[in-house]
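# A closer look at the structure
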Amino acid sequence: MTQHQRLLIIDFGSQVTQLIARRLRELNIYCEIHPYNRVDDAFLASFAPQAVILSGGPDSVTRPGSPRAPEALWSFGVPVLGICYGQQTMMQQLGGLVESGHGTAEFGRAFVTPGADKLSILDGWFTDGNEQVWMSHGDHVSRIAPGFQVYGTSPNAPFAITADVSRNFYAVQFHPEVHHTPKGAKLYENFVRLAGFTGDWTMAGYREQAIAQIRAQVGDKQVICGLSGGVDSSVAAILIHEAIGDQLTCVFVDHGLLRKDEAAQVVAMFRDNYNIKLIAADESDLFLGELEGISDPEVKRKTIGRLFIDVFQKYANQIEGAEFLAQGTLYPDVIESVSFSGGPSVTIKSHHNVGGLPEKMGLKLVEPLRELFKDEVRALGRELGLPQSFIGRHPFPGPGLAIRCPGEITREKLEILRNADAVYIDQIRKHGLYDDIWQAFAAILPMRTVGVMGDGRTYDYALALRAVTSVDGMTADYYPYTHEFLGETATRIINEVKGVNRVFYDCTSKPPGTIELE
């Protein structure tokens, strides 16, 4: 049973709904995102939120059968904030009117002019006159619902900010969660304050709660934990060990897709620093054999996920009383793997550790980090006493180098990739940039190019370098290296790594790209 105050975000399919959750978590507010078509009156009653936010979305409330908030919400008695599509469905459901077209669409920066009256969620706004916001709407509210007043307008949104203060209903046409709305975070802060939130979502509290939940779930049974050596699975393992001690056995699987010397480093770190039972399993031949000839990225991920399950099953059978499998699943993994049934959102990519376990496995899942974003996992790691040098490691995906090797995977390409990645990371550390970057890696491209080395012709692989800045991995921007750094790094890789004769730098943000290549 969750003890902290909770806020519910009803998702109508916006690609930036996750940013709403991030803004709230930064305010120490616990929130969950749930698709609109899974939030009915019964769910609302059982979840018992202290406030509700309605997200944006790509649909039109003027379309018959378009998404709606549950009717029970309007009499539930908690503050509600509608954003973009959330504003429009609020107006439509409560007696207002939304229309399409008529030249009132807005996409991009806009400026909101304050109304005559003050509004508590706008405290700290309009200090310099008009306020910059980010708009993204085709439809517009043409008549507000009874009981609402206008508190802000923009050139193409005469009802940019509306509220029915008596019922604690608030609605904005713009997106306060994106950084193009500079004071958006202040609006969320004001909203949760008027809703009575005290900011009780802390890692110290979460640690205590998670330990109690793990003990209640597991009882006296045995747990095996899939340990990758990354931050997520390591924090999960240490947290679970703190809860149940010797009932935990970690299984570290070398699937042949790890970085250079990584298997030896992970095993040494855990055996030298933690009194946790550890099985080190070299299953590289199994994984690489099954992946031979596969180039489709979704098939790669699903193959790796299936093989992980098979391997864990094999070792679980060797542990008497093992009834649970622990994973370092994070909230972004869950969000990105979910698609509304018949709804407007799409699955971005499959995550090998999301979606439950096959019935044949006979194991139940323990996922103590499933509610956390990446930066919260790092905070929990610090709370558990992990060294900063470890907590600050760049993320490494479960499928490993498989998704940094577009096209068919071969042992030759993996060896080239390991060596090139090692040089690249060494360069980043050498220049003191490692802690400024969220994630950096090399990827080997499915192409060969002609080059000249000495007086000879080469026909070798091209390499892409990737480095991004981010808070939680949900959005990211490329890291702005100097040309001198890129030139020096490319020269080192080509000189030191046999099989590479060309280096590119990937400067795509997320969105539209993802951080990993596949």
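Thresholds applied
Residues numbered from 1 in each chain as written. Predicted model: local features only at pLDDT ≥ 70, side-chain atom pairs only at ≥ 80, totals over all residues. Heavy atoms only, no water. Disulfide = S-S within 2.5 Å. Pairing = 2+ DSSP bridges. Helix = DSSP H or I, 4+ residues; strand = E, 2+ residues; numbered from the N terminus. Axes fitted to C-alpha atoms, helices over the stretch in contact; angles between N-to-C directions. Contact = heavy atoms within 4.5 Å. Buried < 20%, exposed > 50% of the residue type's maximum accessible area, 1.4 Å probe, protein only. Core = buried A, V, L, I, M, F, W, Y, C linked by side-chain atoms within 4.5 Å. UniProt positions renumbered as here; feature names shortened; annotations may be inferred. Arc of directions from axis to C-beta. Salt bridge = Lys/Arg side-chain N within 4 Å of Asp/Glu carboxyl O.

### Notes on the state of the cysteines
In total, this model carries zero disulfides according to the counting rule given. Lacking any disulfide linkage, cysteine 84 is separated from the closest cysteine sulfur, that of cysteine 31, by 19 Å.

### Quick look at the sheet that holds strand 15 (residues 322-326)
Ordered by their spatial adjacency, five strands build an open sheet running 14-13-12-15-16, and the pairing between neighbours is parallel. In this open sheet, the two edge strands, each paired with only one partner strand, are strand 14 (277-282) and strand 16 (364-366). Across this sheet, the average inter-strand angle for adjacent strands is 30°, counted without regard to direction. Across six bridges, strand 13 (residues 248-254) lies against strand 14 in parallel orientation. Its bridge partner being in strand 14, cysteine 250 is matched across the sheet by leucine 278. Strands in contact with helix 9 (residues 297-316) are strand 12 (222-227), strand 13, strand 14 and strand 15; relative to strand 13, the strand with the most contacts, it is inclined by about 135°.

### So, helix 11 (residues 374-383)
Within helix 11, burial applies to Lys374, Glu376, Val377, Arg378, Leu380 and Gly381. Residues of helix 11 that are buried in the fold lie against helix 1 (17-25), helix 5 (203-218), helix 6 (231-244) and helix 12 (388-391).

### Focus on the nonpolar core
Core analysis: the biggest nonpolar cluster contains 91 residues, and Leu369, Leu380, Tyr424, Ile428, Leu463, Tyr481 and Ile493 have the highest contact counts within it. With nine residues, helix 6 is the largest single contributor of residues to this core. In terms of nonpolar packing, the next biggest core, distinct from the first, is built from 40 residues, Cys31, Leu81, Val133 and Ala157 among them.

### Thoughts on the UniProt feature "binding site: ATP" (unreviewed entry) in the protein chain
When the UniProt feature table is mapped onto this chain numbering, "binding site: ATP" (unreviewed entry) sits at Ser228, Gly229, Gly230, Val231, Asp232, Ser233 and Ser234. Relative to the elements of secondary structure, glycine 230 occurs in the loop between strand 12 and helix 6. Tracing the backbone through its elements, the reader meets aspartate 232 in helix 6. Leave out the neighbours within four places in its chain, and aspartate 232 touches Gly328, Leu330, Leu369, Lys374 and Val377.

### Let's talk about helix 8 (residues 284-291)
For helix 8, the set of buried residues is Ser284, Phe287, Leu288 and Leu291. Buried positions in helix 8, seen along its axis, are confined to an arc of 90° and lie on one side of it. Close packing links the buried residues of helix 8 with strand 13, strand 14, helix 9 and helix 13 (411-430). Glycine 293 lies just past helix 8 and shows a positive phi near 85°.

### Overview of the pattern of salt bridges
Inspection of every chain in the model, using the stated rule, returns 29 salt bridges. Linking glutamate 376 and arginine 25 is a salt bridge whose minimum nitrogen-to-oxygen distance equals 2.7 Å. Taken together, the positions of glutamate 376 in helix 11 and arginine 25 in helix 1 put the pair 351 residues apart, joining distant regions of the chain. Residue class for arginine 25 comes out buried when judged on its relative accessible area of 4%. Of the charged contacts in the structure, one is a salt bridge between aspartate 232 and lysine 374, with a shortest N-O distance of 2.8 Å. Here aspartate 232, found in helix 6, pairs with lysine 374, found in helix 11; they are 142 residues apart in sequence, far enough to count as distant. By relative accessible area, which is 7% here, lysine 374 ends up buried.

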